[in-house]
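Residues per chain are reported as follows:
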Amino acid sequence: MPVYHVTHRWSIDESAVAAKEAADFFSSTELPKGVEFLAAYNFDGGAYTIWKAPSREILEEVIITPTFRKNMEITEVIQSYPPTIEYMVRLWNWVYRLSQK
């Protein structure tokens, strides 16, 4: 299942609102089957969150809080060490594409 790194950014003035939205979201939202919240890393003016989800579209539907969605960027990531099957397949596809040029 894909893993997603999500960058959320907000202004310093929105920090209190973002904290309240996060508390409300995680205390009242039931995540759909297959969606798993893995980690959060906060910084001044934003946060990085890590999720497992069946697709990007499903994850976009889950993250509904206005402040977190405002300047949200979702990137699919693959674990490279220790190598997973998904990583090896992507690596082989990348090498194959390079060999075609």
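Quantities reported herein were computed from a predicted structural model and do not represent experimental measurements.

A. Representation of the nonpolar core within the structure. Counting 14 residues, the largest nonpolar core has Val6, Trp51, Leu59 and Ile63 as the members making the most contacts within it. Looking at this core, the elements with two or more residues in it are β1 (3–9), α1 (15–28), β3 (46–52) and α2 (56–62).

B. Summary view of the side chain of Glu21. Along the chain, the position of Glu21 falls in helix α1. No salt bridge is formed by the buried Glu21; its nearest oppositely charged neighbour, Lys20, is found at 8.9 Å. Within polar-contact distance, the side chain of Glu21 engages the backbone nitrogen of Thr67 at 2.9 Å. For Glu21, the contacting residues outside a window of four places in its chain are Thr65, Pro66, Thr67 and Phe68.

C. Seen up close, the environment of Pro54. Looking at the element boundaries, Pro54 is found in the loop between β3 and α2. Spatially, the C-alpha atoms of Pro54 and Pro82 are 22 Å apart, while their sequence positions differ by 28 residues.

D. Looking closely at the pattern of salt bridges. What the rule picks out here adds up to four salt bridges. With a shortest N-O distance of 2.6 Å, Lys70 and Glu14 are connected by a salt bridge. Here Lys70 is found in helix α3 (residues 66–70), whereas its partner Glu14 is found in the loop between β1 and α1, with 56 residues between them in sequence. Notably, a salt bridge pairs Arg56 with Glu60, separated by 3.2 Å at the nearest N-O pair. Of this pair, Arg56 and Glu60 both sit in helix α2, separated by four residues, roughly a single helical turn. A relative accessible area of 28% places Glu60 in the partly exposed class.

E. The arrangement of the side chain of Thr49 in detail. Structurally, the position occupied by Thr49 is in strand β3. Judged by its relative accessible area of 5%, Thr49 is buried. Looking at Thr49, its side chain comes within polar contact range of the side chain of His8, at 2.9 Å. A polar contact is formed between the side chain of Thr49 and the side chain of Trp51, at a distance of 2.9 Å. Not counting the four nearest positions on each side in its chain, Thr49 is found in contact with Tyr4, His5, Val6, His8, Phe37, Ala39 and Ala40.

Rules behind the numbers
- Residues numbered from 1 in each chain as written.
- Predicted model: local features only at pLDDT ≥ 70, side-chain atom pairs only at ≥ 80, totals over all residues.
- Heavy atoms only, no water.
- Core = buried A, V, L, I, M, F, W, Y, C linked by side-chain atoms within 4.5 Å.
- Buried < 20%, exposed > 50% of the residue type's maximum accessible area, 1.4 Å probe, protein only.
- Helix = DSSP H or I, 4+ residues; strand = E, 2+ residues; numbered from the N terminus.
- Lys, Arg positive; Asp, Glu negative; His and termini not counted.
- Salt bridge = Lys/Arg side-chain N within 4 Å of Asp/Glu carboxyl O.
- Polar contact = N/O pair within 3.5 Å; in protein donor to acceptor, adjacent residues only side chain to side chain.
- Contact = heavy atoms within 4.5 Å.

Structural measurements only, silent on function.
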